[in-house]
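# Breakdown of the fold
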Amino acid sequence: DATAGLATFNANCASCHGSDGSKINIYCQGEWLGDMFRNDPHEIQHKAVWGMPLDRSHIALGCADAGMMPAQNITDDDIRNLLVMGQDTVAFPDYH
């Protein structure tokens, strides 16, 4: 349910990732949230459930977008809905 996914995204993710997923260049490698939704859904699920520790190795290389991400208090259904929502390439474009 993409509509429910967008509601979850707006409530839990948009403040850091931006309304279209373009606010954080993941690992400073030109990968954006839209890319991850479509190309690495397991990583989306993992980070949503477990969070991500501070990425010291990328920070040491000068990456400003390698901060920690807290685990989110969302359900498996929320994650499935997020993944459906993230297939929308207009709302969550690739920025390559």
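To keep things clear, this report deals only with the structure shown in the data block. Being a predicted model, the structure only gives us computed values, none of them experimental.

## Describing the overall build of the protein
Along the protein, the regular secondary structure elements total six helices and zero strands. Each helix and strand of the protein, placed in order from N terminus to C terminus, yields the pattern α-α-α-α-α-α. Relative to the 2.2 N^0.38 estimate, which gives 12 Å for 96 residues, the radius of gyration of the protein is 13 Å and therefore close to what a compact globule would have. Here the C-alpha coordinates of the protein stretch approximately 40 × 30 × 20 Å along the principal axes. Across the 96 residues in the protein, those meeting the buried criterion constitute 36%. Intrachain contacts of the protein at a sequence separation of at least 6 include 58% that bridge at least 24 residues. A total accessible area of about 5,600 Å² is found for the protein, and carbon and sulfur atoms account for 56% of it. When the 5 positive and 13 negative side-chain charges of the protein are each reduced to one mean point, those points stand 6 Å apart.

## A look at the pattern of salt bridges
Within this structure, the stated rule accounts for three salt bridges. Arg-38 is paired through a salt bridge with Asp-94; the nearest N and O atoms lie 2.8 Å apart. Of this pair, Arg-38 sits in helix H3 (residues 33-39) while Asp-94 is found in the segment after helix H6 (76-85), placing the two residues 56 residues apart along the sequence. Close ionic contact of Lys-47 with Glu-43 constitutes a salt bridge, the shortest N to O distance being 2.5 Å. With Lys-47 and Glu-43 both in helix H4 (residues 41-50) and four residues apart, this pair spans about one turn of that helix. Overall, Lys-47 belongs to the buried group, its relative accessible area being 11%.

Parameters and conventions
Residues numbered from 1 in each chain as written. Predicted model: local features only at pLDDT ≥ 70, side-chain atom pairs only at ≥ 80, totals over all residues. Heavy atoms only, no water. Helix = DSSP H or I, 4+ residues; strand = E, 2+ residues; numbered from the N terminus. Rg over C-alpha atoms; globule rule 2.2 N^0.38 Å. Buried < 20%, exposed > 50% of the residue type's maximum accessible area, 1.4 Å probe, protein only. Contact = heavy atoms within 4.5 Å. Areas by Shrake-Rupley, 256 points an atom, 1.4 Å probe, with all protein chains shown as cover. Lys, Arg positive; Asp, Glu negative; His and termini not counted. Charge placed at Lys NZ, Arg CZ, Asp CG, Glu CD. Salt bridge = Lys/Arg side-chain N within 4 Å of Asp/Glu carboxyl O.

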